[in-house]
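# Chains, contacts and geometry: an overview
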Amino acid sequence: MSHQAQPQEASQPETPHLENPENAESPESPENPESPHLDFQGTTPYEDYVQADVLTHLQHTLSEDPGEMVFLVTTQVMELWFTVIVHEWETAAKALREDRVPVAVAALKRSVRELEALNASWKPLGQLTPAQFNSYRSALGEGSGFQSAMYRRMEFLLGDKSASMLVPHRGAPRVHAELEKALHEPSLYDEVLGLLARRGHAVPSSVVQRDVSRRYEPSPEVEAVWTELYAGDESSELARLGESLTDVAELVWRWRNDHLVATRRAMGSKTGTGGSAGVAWLEKRARNNVFPELWTARSHV
């Protein structure tokens, strides 16, 4: 009796047997040659370079309000951006002193992107209501951004100088010494005007040789120099330098106005935490143009 052939089942690929699927090699496994290094003798190289553990443990809130953490971290981020921008402007000032205009323009352009990031720091704070701000305002005591030494160095580099601004820092010798040095050094704009004079433009000797520890005051002769430059070749090195400076000035103005609006929204016209007139003080600051002749010269081109 013949037997009819039985149909064969299609063979299935064998599935590897895993005693414990959770122990399967993952993309992050140290045995995977494509995975990053995970085992270090001490702290990670990232930590050694960035000091993230230090940065993320600098926040010591003084109230129970959760909004204070946002305020504190945002303020600390602003301080870091101040530090970067001071570095860029000091780099630009040194390059101008050495007649290396392209190096200065590159630093100024970097600072423009950094100023944009700095200004964006107002976003977490820009819509605070008075009740929200009051919930942790007492934790600030007499503290105020007006007292920021690094921001003061920014202002000094912009030519807005005053020896009285060193007074709040007398109790911190290193900070006071750094600010005093910055007070007596030429500002970024002083270095620009020195360059223009060396290039044969009619910058008065009274401007070039002025006391650089004092606030810069606009000059009709400097305005005429910028008018001449802007009426000429727009692609010239000095015209491009002027536009880079104007980009910086515009973003500094926006920073001051964003500060003003955020303060007005959070506390109205009340006295500032540091004893200033608050909004009235910020309004006065916002009216001051940085690199003034770069703005007024445009009316004459």
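Further up the page is the structure itself.
Residues numbered from 1 in each chain as written. Predicted model: local features only at pLDDT ≥ 70, side-chain atom pairs only at ≥ 80, totals over all residues. Heavy atoms only, no water.

Let us now look at the pattern of salt bridges. In the structure shown here, the tally under the stated rule is 16 salt bridges. Linking R97 and E191 is a salt bridge whose minimum nitrogen-to-oxygen distance equals 2.5 Å. Linking R97 in helix α3 (residues 67-97) with E191 in helix α8 (residues 188-198), this pair joins segments that are 94 residues apart in sequence. Residue E191 is classed as buried on the basis of its relative accessible area, which comes to 7%. Between D160 and R215 there is a salt bridge whose closest N-O contact spans 2.7 Å. Here D160, found in the loop between α6 (149-157) and α7 (173-184), pairs with R215, found in the loop between α9 (205-208) and α10 (220-231); they are 55 residues apart in sequence, far enough to count as distant. When salt bridges with common partners are traced through the structure, they connect E90, R153, R174 and E178 into a single cluster. (Salt bridge = Lys/Arg side-chain N within 4 Å of Asp/Glu carboxyl O. Helix = DSSP H or I, 4+ residues; strand = E, 2+ residues; numbered from the N terminus. Buried < 20%, exposed > 50% of the residue type's maximum accessible area, 1.4 Å probe, protein only.)

Let us look at the nonpolar core. Burial of nonpolar side chains together is a common tendency in soluble globular proteins. Ranked by size, the top nonpolar core spans 57 residues in total, and within it W89, W226, L241 and F291 carry the most contacts. Contributions of two or more residues to this core are made by α3, α4 (101-120), α5 (130-137), α6, α8, α10 and α11 (237-267). Residue contributions to this core peak at 11 residues, all from α11. Sequence-distant contacts of W89, that is, excluding residues within four places in its chain, are made with L108, S111, L115, M154, L157, L158, L188, V248 and V252. Of all hydrophobic cores here, the second largest spans 8 residues; its members include F156, M165, L166 and A182. (Core = buried A, V, L, I, M, F, W, Y, C linked by side-chain atoms within 4.5 Å. Contact = heavy atoms within 4.5 Å.)

All right, on to a nonpolar patch on the surface then. On the surface, V54, L55, L58 and L80 cluster together into a nonpolar patch covering about 330 Å² of accessible area. Checked against the element boundaries, L58 lands in the loop between α2 (52-55) and α3. Note on L58: relative accessible area 43%, which makes it partly exposed. (Patch = residues over 30% accessible without salt bridge, like charges linked within 9 Å, V, L, I, M, F, W, Y side chains within 5 Å. Areas by Shrake-Rupley, 256 points an atom, 1.4 Å probe, with all protein chains shown as cover.)

Here we come to empty space enclosed by the protein. Applying the stated criterion across every chain yields a total of 1 cavity of 30 Å³ or more. Approximately 40 Å³ is the volume found for the largest cavity. Around the largest cavity sit L115, L118, Y151, M154, E155, L158, V252 and W255, which together line it. When contributions to the lining of the largest cavity are tallied by element, the ones reaching two or more residues are α4, α6 and α11. Here the lining of the largest cavity gets 3 residues from one element, more than from any other, and that element is α6. When its residues are assigned to classes, the lining of the largest cavity shows 7 nonpolar, no polar and 1 charged. (1 Å grid on protein atoms, 1.4 Å probe; cavity = no way out; pocket = protein on both sides within 12 Å on 5 of 7 lines; lining within 4 Å. Points joined across faces, edges and corners; volume = space filled by probe spheres on them. Nonpolar A, V, L, I, M, F, W, Y, C, P; charged D, E, K, R; others polar.)

Before going further, it helps to spend a moment on the layout of surface pockets. Of the pockets and cavities examined, the largest pocket occupies roughly 1100 Å³. Every residue lining the largest pocket is counted, 40 residues in all, and those nearest its centre are F71, S144, G145, F146 and H259. Mapped by element, the contributors of at least two residues to the lining of the largest pocket are α3, α5, α6, α11 and α12 (279-286). Per element, the largest residue contribution to the lining of the largest pocket is 8 residues, and it comes from α3. Among the residues making up the lining of the largest pocket, the classes are represented as 20 nonpolar, 15 polar and 5 charged.

Below, the discussion takes up α3. Every α-helix winds through 3.6 residues per turn, so residues three or four apart in the chain are directed the same way. In this model, α3 (31 residues) spans 45 Å end to end at C-alpha, consistent with the 45 Å of a helix rising 1.5 Å per residue. Positive phi shows up at D99, right after α3, with a value of about 60°. (Expected span 1.5 Å × (residues − 1).)

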